[in-house]
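Reading the structure
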Amino acid sequence: MTSRRATDVKEVRAAVTVPDLAASATEHPGAYSYFPGCSLTSSAGEYDVSVRLVTAALGIKLDEIPDWNCCGASPAPHHWSGNLGVLLSARNLHIAGYHHDTMVAPCAGCYNRLKNAQYELAGSEELREQTARVLREPVRYEIEILNVVELFDREVTPEMLSERAGGRLAGLNLATYYGCLMTRPAKIMNFDNARNPVSMKPLLKATGADSGHFPFKSECCGSYMGMPKKEIVLRASRRIIEVADDMGFDAIVTACPLCHQNLDLRQDQINKTFGTSLEMPILYFSQVLGLALGMSADDLGIDSHVVSARKLLQKIEQRRERV
Amino acid sequence: MTIHVSRTLTEAAEVVADIERRSGERVSTCYQCGRCTSTCTGTFAFDYPPHRIMRMLQLGQVDEVLNSRTIQLCFDCMTCSTRCPMNIDVANVIENAKMVADEQGVKGSEKEIRFFRLAFLQNVRRSGRLHEARLLTSFNLLNFKPFNDISLVPVILRRKKVHIVPPKIKNRGEIHRIFQEVNGGGKTK
Amino acid sequence: MRIGVFVCQCGTNIAATVATDKVVSAALAMRDVLHAESIQYTCSDPGQRAIVDAVQKKGLTRVVIAACSPRMHETTFRRTVSRAGLNAYMMEMVNIREHCSWIHADVDTATGKAIDLMRMGVARVRGQAPLQSSKVPAVKRVLVIGGGVAGIQAALDIADAGLPVTLVERGPSLGGNMARLDKTFPTLDCSSCILTPRMVEANQHEGIHLLVNSEVESVRGYIGNFDVDIRKKATCVVEEKCTGCMICQEKCPSKAPDDFNAGVGEAKAISIPFPQAVPMVAALRKEFCRQFIKGRCGVCEKVCPAGAIDYGQEDQLMTERFGAIVVATGFEPFDWREAYPDYGGGQYPDVITSPQYERMLSASGPTGGRIRRPSDGSEPQQIVFVSCVGSRDESVGRPLCCSVGCMHIAKQAILTKEHLPDSRSYIFYIYIRAAGKGYEEFTRRAQKEYSAVYLRGRVGKIYPSKGRLKVMGTDTLSGDQVEIDADLVVLATGLNASTGADDLARKLNISYDRYGFLSESHPKLRPVETTTGGIFLAGACQGPKDIPDTVAQASAAASKAIGLLSRGELETSPMVAVVNQMRCTGCFKCRDVCPYNAVEAIELRDGRQVAGVIDSLCQGCGVCNVACPPAVISLKGYTDNQLIAETVELLR
């Protein structure tokens, strides 16, 4: 498996086409507007791939919104740049709302920005006017916004998944990691319980895996400080991984590409800086579901990760052989 | 050091009231339990932990607050706000203190953060989407540290994790209009 | 008709917002008002004398007093006019303070309103008829609900005064929460040692009828005459035969939760909760018993040397009448697990609560007084105490202070050092509330003599790390985050009223707050009375408090009950409903709606069944008055004519 080249994201994207929104308007009545965001189209390509593969396998239809722009993520929240963050996301809400009532943003950062923009627009006529000036038409912002956990929760019941998974991931102990942006600030995000998030558990349990209590499940990984102040990310991420390791988890499951980057891409830097020897695979929620459905790790882009998931995949393989 | 509380409270009253108004919080609600500081992710890098920022606002020490590293470095993980027993959105107070500091022209000592923001927003302004490879190079240039994160480059390339060619959206005009609306966005205020 | 109007200034309470001289002039302009004056403090001696003088000198027949709320001084002024020679009910009190001066700011508006209110009062008093209150015999027996230290103290005080007491306790033994304590602050007295003599006394006292395993099922009646149904639950043990030898407990094969030991350790389905239980009688819990679940066992019956087991035993229901009730249902610890997921939410065995730790410290507890880590049984060296878990925390809906936590933790830290001299205790606190006698000195001792390290800050997170626990907190005094590698963490959990306190409150018709604590009738001046006459509160059921305050309050409640019943009869309010029986159609809608069962059927001479009000039960609520279709019921003191006159006067 390691001798194969890493997943070519472009190939997969080509293979699992997601039609242009405008074209598919009436063809997919139950579909979701899909907002990948910048990370998913570059360094977190495997998150995008795994979402597309798993949704296709489950019969969920996604229509990528055309000509979407960067949501501004980290540097554009309002304390830095006036209304920049709201305006950037407002454009995306506007486009997404053209044909479908619900949109999905797998990136927790984009999800947070989109929901925040929606909240601000609902509360300020001035903002709505400003947005209308930019878009040259009144802004449409009331679309329902889901993150990837909500999407799968809505479309798949644990019973359905359990049947299809057939306990494929039994024997694994997965630490659910929510990070910050999916649930906070609670009154705007209105998703799960900000103090004690549990939304990933039902589906993870249905895959057969164990998902015990992980005390650092909503601690911050260091956010966008990777470039400007690396020490913050290294310290924060280190503790998350170390506690998971100490508690005997096989992997950390996340639904945010920035968390993934900090925990996975920089795990080497953590080891070098602190003299640790951590080897904790970091998997996306969609990848775990994909594994449970029997997809190959390569297809799901798990070999694109920096920290190898070899041991974990071996466990799954061994169980499959035993059964 | 002596804090001349009657003086500081009088002189700082307006600024504190401004921060309170913007954030929707009263600083007197805080009873200094320190829970915000207990799990604050960034505290080790800050000069003042979050509960001390609240305390300084309570005592009118606004200069210290507005010139602190804390308000520049805080990255809004909101762990403090979620745990406060008095339901104070501490991160929001700090964020609004930063806004006031920005408006007063406080540059702050955290140049890396300013460069990061500059590099990021220039990047987005140009093409409408973030080009990660360029982000790293422009940040490193601004920061005069060309070899920062160089160890990650082979890894990223090998795993085909970034575009070499920047992504561009079609309707870049709208993006430019957005930045124009926000008073020359993309530049540090 | 000769009416006198007295307008109180109440210092500046009324006079600052209401121009009382204008109210006086307006009163004098009304017909039949012969006298009107403004008095600075009407309730004072000179104030009352002024009323008496005016009534006597000017031959006034009716009086209107515009002042504070009747709840404050209606009784006072009824006595005043009685002294002046009038019937006590020929006095109308109008509220121009709580209903007027205290809630309005504009003087003109407030004065106008005060004048309106005064005029309505005059209109009403015109229609008043003299009323006589009657006396009802009061039963000289008291019910005490709850067998903890509050209930025991109250029962002993009342029984010592010669009034028979029935003491009802839900559990199998007296003692309550105090029996679960190892030592008490600030004297470090052994709790059982000081409590058991009282428990025994209560059990043996001639005047106290003790009913354990019993609960109050329903309450009817009114002050002086409460009819209470009590259910004594079947425990399958014949009390008179059981010798307390505990062989049944030893041999019983069915495990059951150990409520007495706060869930630490295990008990059996048949057990005596602790070695000093009073009465020393076993009790069987059917829901955990193999005999009742599977139909097969019978071990206890076989081994009992006294033949005291009776599986066929049934609940007993009894109804008794009491003149007064003292509620002493105590408290229980708040269940912290859902509200504090950051502390593990109950998943870490080495994070325990202070009640659980207390049982561990106790020599008669599940570990025989040895402090052990629940996870591996080893002795802990670094022990962290966390204050205010479930207290002073708006974010979990509990802003109250538990009032005993700071002292409780200091005590446990001292005891810990005595048990484990090489250990170190860390106490995370926010404030130290040590207001009682000797309390402050006690907490200082914990720091000076017993090396407890006090850190000021709330703990943010506790998580397992390499077999121990990492505690992440803050010390706001030094301004930094702190981290501790702990072996054991003890959480000082907040307090709630006992489970079922709210149900009981509804049965008794008394109010309670969001935590279930029962409401006193006035927070300052009536701490042991409730809004229902004849029902008193004692101890932590009214609000979290320590033992000295509990005992003091219990004696206070006892004295109120004794005082109430000392004369053997009570005066009832004459403002009751009365049916015009000649015109009653016998539909009995009034009986259907009456909340006090105060309506009975009366047979007239011509055989017609009509409604009749039982004066002694009627509380004057007026619901029957409203419900009556032919409108033949009126409420004395609030007749329809009076109310219409008030309304007409207002609209004039």
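Residues numbered from 1 in each chain as written. Chains lettered and ligands numbered in written order. Predicted model: local features only at pLDDT ≥ 70, side-chain atom pairs only at ≥ 80, totals over all residues.

With that settled, consider the overall build of chain A. Counting secondary structure elements, chain A contains 17 helices and seven strands. Buried positions account for 59% of the 323 residues belonging to chain A. Looking at chain A alone, contacts between residues at least 24 apart form 80% of all its contacts between residues at least 6 apart. (Helix = DSSP H or I, 4+ residues; strand = E, 2+ residues; numbered from the N terminus. Buried ≥ 20, exposed ≤ 12 C-beta atoms within 10 Å, placed from the backbone. Contact = placed C-beta atoms within 7 Å.)

A word on the sheet that holds strand β26 (residues 480–486) of chain C. Residue and element names in this part refer to chain C. Spatially, β24-β25-β26 is the arrangement adopted by the three strands of the open sheet, whose pairing is antiparallel. Lying at the two open borders of the sheet, with one neighbouring strand each, are β24 (461–465) and β26. In this sheet, neighbouring strand axes are inclined to one another by 25 degrees on average, regardless of whether the strands run parallel or antiparallel. For β24 and strand β25 (residues 468–475), the ladder comprises five bridges, and the chain directions are antiparallel. By the bridge assignment, Ser465 is partnered in β25 with Arg468. (Pairing = 2+ DSSP bridges. Axes fitted to C-alpha atoms, helices over the stretch in contact; angles between N-to-C directions.)

Moving on: the interface of chain B and chain A. Interface size is often expressed as the accessible area that is lost when the parts come together. Taken together, the contacts link 50 residues of chain B with 50 residues of chain A. Mapped by element, the contributors of at least two residues to the side of chain B that touches chain A are α6 (79–83), α7 (90–103), α8 (111–127), α9 (132–142), α10 (152–158) and α11 (172–181) of chain B. Ranked by residue count, the leading element in the side of chain B that touches chain A is α8 of chain B, at seven residues. Its residues placed into classes, the side of chain B that touches chain A shows 24 nonpolar, 10 polar and 16 charged. (Nonpolar A, V, L, I, M, F, W, Y, C, P; charged D, E, K, R; others polar.)

All names here are of chain C. With 14 residues, helix α2 (residues 45–58) should reach 20 Å at 1.5 Å per residue; the first-to-last C-alpha distance of 20 Å fits that figure. The complete set of buried residues in α2 reads Gly47, Gln48, Ile51, Ala54 and Val55. For α2, the arc enclosing every buried residue in end-on projection is 125 degrees, short of the 170-degree limit, so these residues lie on one face. For α2, exposure combined with an orientation more than 90 degrees from the buried face picks out Asp45, Pro46, Asp53 and Lys57. (Expected span 1.5 Å × (residues − 1). Arc of directions from axis to C-beta.)

Each partner contributes to the interface: chain A provides eight residues, whereas chain C provides seven residues. For the side of chain A that touches chain C, the per-class residue count stands at four nonpolar, two polar and two charged.

This part covers the domain arrangement of chain C. All names here are of chain C. Each domain of chain C was delimited in the assignment, giving domain 1 (3–132), domain 2 (140–230 + 326–333 + 495–572), domain 3 (234–314), domain 4 (335–493) and domain 5 (576–635). Computed over C-alpha atoms only, the centres of domain 3 and domain 4 are separated by 34 Å. The interface of domain 3 with domain 4 comprises eight residues on the first partner and eight residues on the second. By residue class, the composition of the side of domain 3 that touches domain 4 is four nonpolar, three polar and one charged. (Domains from an automatic or database assignment.)

All names here are of chain C. The pairing of β25 with β26 spans seven bridges and is classified as antiparallel. Paired with Val471 across the two strands is Ile484, which belongs to β26. With antiparallel pairing between neighbouring strands as the criterion, β25 and β26 make up a hairpin whose turn holds four residues, including Gly479 at a positive phi of roughly 90 degrees.

A separate point is the sheet that holds strand β17 (residues 316–322) of chain C. Residue and element names in this part refer to chain C. Read from one edge to the other, the open sheet built from three strands follows the order β11-β12-β17, with strand pairing classed as antiparallel. Of all the strands in the sheet, the pair left with one neighbour each is β11 (214–222) and β17. Put simply, the sheet's adjacent strands are angled 20 degrees from each other on average, direction ignored. As paired strands, β11 and strand β12 (residues 225–232) are joined by eight bridges and run antiparallel to one another. Bridge pairing in β12 links Tyr222 to Asn225.

Residue and element names in this part refer to chain C. Look at helix α5 (residues 107–126) against helix α18 (residues 640–651): their axes get within 8 Å of each other, and the N-to-C directions meet at 145 degrees. The handedness of the crossing between α5 and α18 comes out as right-handed. Contact residues: Asp116, Arg119, Met120, Ala123, Arg124 and Arg126 in α5; Gln642, Ala645, Glu646, Glu649 and Leu650 in α18. Within the contact of α5 with α18, the residues separate by chemical class into four nonpolar, one polar and six charged. (Left-handed = near helix turned anticlockwise from the far one by under 90°.)

Bringing helix α4 (residues 45–57) of chain A into the picture now. All names here are of chain A. For α4, built from 13 residues, the straight-helix expectation of 18 Å at 1.5 Å per residue is met to within 8% by its first-to-last C-alpha distance of 18 Å. Burial analysis of α4 places 11 of its 13 residues in the buried class, which makes it a mostly covered element. For α4, every residue scored as buried is listed here: Gly45, Glu46, Tyr47, Asp48, Val49, Ser50, Val51, Arg52, Leu53, Val54 and Thr55. The first or second residue beyond α4 is Gly59, which carries a positive phi of 75 degrees.

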